[in-house]
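Structural features, examined
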Number of protein chains: 2
Amino acid sequence: MLAKTVPCTHITGLGRMTRVSTDHSGPQYGPQYSGSGDPKRSIELLWGIQERPKRGPKPRLTVERIARAGIEVADAEGLAALSMRQVADRVGVGTMSLYTYVPGKAELIDVMLDTVYGELVAADEVPGGWRAKLEHVARQNWALFHRHPWTLQVAASRPALGPNATTKYDYELRAVEGIGLTDLEMDAVVSLIVGHAEGAARRAVDAAEAERRTGLTDLQWWEAYSPLLDEVVDANQFATAARVGQAAGTAYGAAHDFEYGFEFGLQRVLDGIEGLVRGRGS
Amino acid sequence: MLAKTVPCTHITGLGRMTRVSTDHSGPQYGPQYSGSGDPKRSIELLWGIQERPKRGPKPRLTVERIARAGIEVADAEGLAALSMRQVADRVGVGTMSLYTYVPGKAELIDVMLDTVYGELVAADEVPGGWRAKLEHVARQNWALFHRHPWTLQVAASRPALGPNATTKYDYELRAVEGIGLTDLEMDAVVSLIVGHAEGAARRAVDAAEAERRTGLTDLQWWEAYSPLLDEVVDANQFATAARVGQAAGTAYGAAHDFEYGFEFGLQRVLDGIEGLVRGRGS
DNA sequence: TTCAACTCGGTACAGAGTACGGATTAATGC
DNA sequence: GCATTAATCCGTACTCTGTACCGAGTTGAA
């Protein structure tokens, strides 16, 4: 019953999937939300239930293939460029044909998300104690966010709990199993670690995206921007910001070194957790 | 020269602001980016340079008024609902008139951002040491993100460094001034604290937004969702996730208690920083 | 053979950002 | 006083979005 790999391998034939509750009827601008549609449909999609229907022509596509096309588009051009038309073009089909397989764009993104979670192979036992395991979790997430930056733009509350998302959560929790924390603390610790990776990756990815968009590196941008700022601002007013900003700029050769920020923060967070664990352990 | 309060009080008359480099010519779907346009124009906008032109009819609006209208819309209905048409309606003017004051939507959002930063009054000296000050910084940001959830959706790399953003950064850095950290570490520490507040707030705000959108609380949603999941998933496969998820659910009466997560993480992060500071101080 | 179920996809619609250009208004130069 | 010039204001139009709707083609079962 449980597909540990990529879901939706053989989900087709859901018929014309009409929405049950269209509470936001217009087109969906702005950020993409997760888990908007009918829960039952979403679960069937993610977990690959729903057998092939008997009648009708054989489907040319699968949900998985559509999701992979979507991931390719989003990886290459960002979530903003992910349109149903673009995905349809890529799989060589009319735009509206996608709606045979997927109720809408939101659900497609849900499937895309769970699919990329499938990349975290959960190299099951990382040697070492909880600290090494949590470090591994953090770096895994950091890397995933870099491989698929668009995941940062998907609001992940009420996540579509597909097989891979569930596997991921379970795996992350097991890093802090049996070290004296309560269940609530375990959840909070994992949340803290993943949250740090997410935040740090968000900064890095935003910067890379800005560079792609403008053709200027952070440093180049700053060199163009800061003299203009100097004409306007009295640096003495912001002595600390000016000093620290300059120090960071010259040290990194850019406005920020995001990897340093990630690693620095990670060690501080782990240190903080260590204090808690020691208190429980003894 | 330096406006410490809300900028743009008297910026008008920038003429028809034609874009210099329209490298993304179409309409701007998806997430909103900060700092996209001409740096010079942006700085003038944010810092309130540019005197009233002599010729021509008296302007009926100010950039500040437009920005405040935009903030009202975004606060009430989210960044997705923030359209130029809506803002224009609210200030009682034709849509295209806004483009007399602001080069485009991206720059409007920049001004909106710096305006809300102006709410952080920087109650200058918080009693206590660096830890109390950093706690204050974290809670200030946490509260700001809750008052203006849309700020979380604005990619903030290459921030439009307006007067209030600069004041905020400077203030936050001064919390860890003179305690033995290098400039780089100061920046990293502030970044870590603000990043944690941002990440925690993001989860809370996403959940609130999901509730508004669907009319279901997290708990109600979970009660509808989880039995469907049970039909499909073998709980033994995900023993840890199932146990912890259930514990968190029953303890909070919801899938997560975000305030707890924020405070828990904040203390861990501060503990981690404390270790670093102690190492330097002695 | 008939028919119901299914896939495929063309057309249409509302709503987004904003380029363009015309109408109106006000201050300056003669 | 009058023409000139620089602003403000804004209606129209264009492209791109997600997707509702419906007709056409395809297949397995009765």
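Re the overall build of chain A
When you go through chain A residue by residue, the secondary structure sums to eleven helices and two strands. Along chain A, from the amino end to the carboxyl end, the secondary structure elements read β-α-α-α-α-α-α-β-α-α-α-α-α. Residues classed as buried in chain A amount to 50% of the 282 residues present. Considering only residue pairs separated by 6 or more positions, chain A has 80% of its internal contacts joining residues 24 or more positions apart. When the accessible area of chain A is evaluated, it comes to approximately 12,500 Å², of which 53% is carbon and sulfur surface.

A few points about the relation of the copies chain B and chain A
Rotating chain B by 180 degrees and translating it 0.0 Å along the rotation axis places it on chain A, where the RMSD comes to 0.1 Å. On the angle and the small slide along the axis, the relation comes out as a two-fold axis. When the interface residues of chain B are mapped onto chain A, 100% of them again fall at the interface, so both copies present the same face.

Observations regarding the pattern of salt bridges
Residue and element names in this part refer to chain A. The final tally for this structure, using the stated rule, is 31 salt bridges over all chains. Of the charged contacts in the structure, one is a salt bridge between Glu72 and Arg90, with a shortest N-O distance of 2.6 Å. Linking Glu72 in helix α2 (residues 63-77) with Arg90 in helix α3 (residues 84-91), this pair joins segments that are 18 residues apart in sequence. Residue Glu263 pairs with Arg139 through a salt bridge whose shortest N-O separation is 2.9 Å. Here Glu263 is found in helix α11 (residues 258-281), whereas its partner Arg139 is found in helix α6 (residues 130-147), with 124 residues between them in sequence. The class of Arg139 is partly exposed, set by a relative accessible area of 34%.

Comments concerning helix α3 (residues 84-91) of chain B
All names here are of chain B. Regarding α3, the residues found buried are Met84, Val87, Ala88 and Val91. End-on view of α3: buried residues confined to an arc of 100 degrees, all on one side of the axis. Across α3 from its buried face, at more than 90 degrees, point the exposed residues Arg85 and Asp89. Note on α3: the residue one or two positions beyond its end, Gly92, has a positive phi of about 70 degrees.

Remarks on the packing of α2 of chain A against helix α5 (residues 105-117) of chain A
Residues and elements named next belong to chain A. Relative to each other, α2 and α5 sit at 85 degrees, their axes nearing to 9 Å. Put simply, α2 runs roughly perpendicular to α5. Together, Val63, Ile66, Ala67, Arg68, Gly70, Ile71 and Ala74 of α2 and Leu108, Val111, Met112, Thr115 and Val116 of α5 make up the contact between the two elements.

A word on the side chain of Thr151 of chain A
Residues and elements named next belong to chain A. Turning to its location among the elements, Thr151 is positioned in the loop between α6 and β2 (154-155). Among the residues examined, Thr151 registers a relative accessible area of 8% and is labelled buried. Residues contacting Thr151, with those up to four places away along its chain left out, are Leu113, Val116 and Phe145.

Section: the interface of chain B and chain A
Each partner contributes residues to the interface: chain B has 87 residues there, and chain A has 87 residues. Summing both sides of the interface, chain B and chain A together bury roughly 7,600 Å²; the carbon and sulfur share of this comes to 65%. Ranking the residues of chain B by area buried against chain A places Arg158, Arg213 and Val232 of chain B at the top, with a combined share of 11%. Linking chain B with chain A are four salt bridges, by the criterion used here. Listed by contribution, the elements that provide at least two residues to the side of chain B that touches chain A are α1 (39-47), α7 (163-174), α8 (183-214), α9 (218-232), α10 (239-252) and α11 (258-281) of chain B.

Side note on the side chain of Glu172 of chain B
Considering the arrangement of structural elements, one finds Glu172 of chain B in helix α7. The buried category is assigned to Glu172 of chain B, whose relative accessible area is 4%.

Brief notes about helix α9 (residues 218-230) of chain A
The end-to-end C-alpha distance of α9 of chain A, which contains 13 residues, comes to 18 Å, matching closely the 18 Å that a straight helix rising 1.5 Å per residue would cover. Regarding α9 of chain A, the residues found buried are Asp218, Trp221, Tyr225, Ser226 and Leu229 of chain A. Residues of α9 of chain A that are buried sit in contact with α8 (183-214) and α11 of chain A together with α1 of chain B.

Comments concerning the packing of aromatic side chains
Residues and elements named next belong to chain A. Summed over all chains, the structure comprises six aromatic pairs over all chains. Relative to Phe264, the ring of Tyr260 has its centre 5.8 Å away and its plane inclined at 35 degrees; by these criteria the two rings are tilted. In this pair, Tyr260 and Phe264 both sit in helix α11, four residues apart, roughly one turn of the helix. Sitting over the face of the ring of Phe264, Arg268 holds its NZ or CZ atom 4.9 Å from the ring centroid.

Details of the packing of helix α2 (residues 63-77) of chain B against α3 of chain B
Geometrically, a packed helix pair is captured by the angle between its two axes and the distance between the axes. Residues and elements named next belong to chain B. Their axes nearest at 9 Å, the elements α2 and α3 cross at an angle of 115 degrees. The handedness of the crossing between α2 and α3 comes out as right-handed. Along its contact with α2, which presents Arg65, Ile66, Ala69, Gly70, Glu72, Val73 and Glu77, the element α3 presents Gln86, Val87, Arg90 and Val91. For the contact of α2 with α3, the per-class residue count stands at five nonpolar, two polar and four charged.

Reading the values: rules and limits
- Residues numbered from 1 in each chain as written.
- Chains lettered and ligands numbered in written order.
- Predicted model: local features only at pLDDT ≥ 70, side-chain atom pairs only at ≥ 80, totals over all residues.
- Heavy atoms only, no water.
- Helix = DSSP H or I, 4+ residues; strand = E, 2+ residues; numbered from the N terminus.
- Buried < 20%, exposed > 50% of the residue type's maximum accessible area, 1.4 Å probe, protein only.
- Contact = heavy atoms within 4.5 Å.
- Areas by Shrake-Rupley, 256 points an atom, 1.4 Å probe, with all protein chains shown as cover.
- Least-squares fit on C-alpha atoms with pLDDT ≥ 70 in both.
- Salt bridge = Lys/Arg side-chain N within 4 Å of Asp/Glu carboxyl O.
- Arc of directions from axis to C-beta.
- Axes fitted to C-alpha atoms, helices over the stretch in contact; angles between N-to-C directions.
- Parallel < 35°, antiparallel > 145°, perpendicular 65-115°, else oblique.
- Buried area = accessible area lost by both parts, 1.4 Å probe.
- Expected span 1.5 Å × (residues − 1).
- Phe/Tyr/Trp six-rings, centres within 6.5 Å; stacked < 30°, edge-to-face > 60°.
- Lys NZ or Arg CZ within 6 Å of the ring centre and 35° of its normal.
- Left-handed = near helix turned anticlockwise from the far one by under 90°.
- Nonpolar A, V, L, I, M, F, W, Y, C, P; charged D, E, K, R; others polar.

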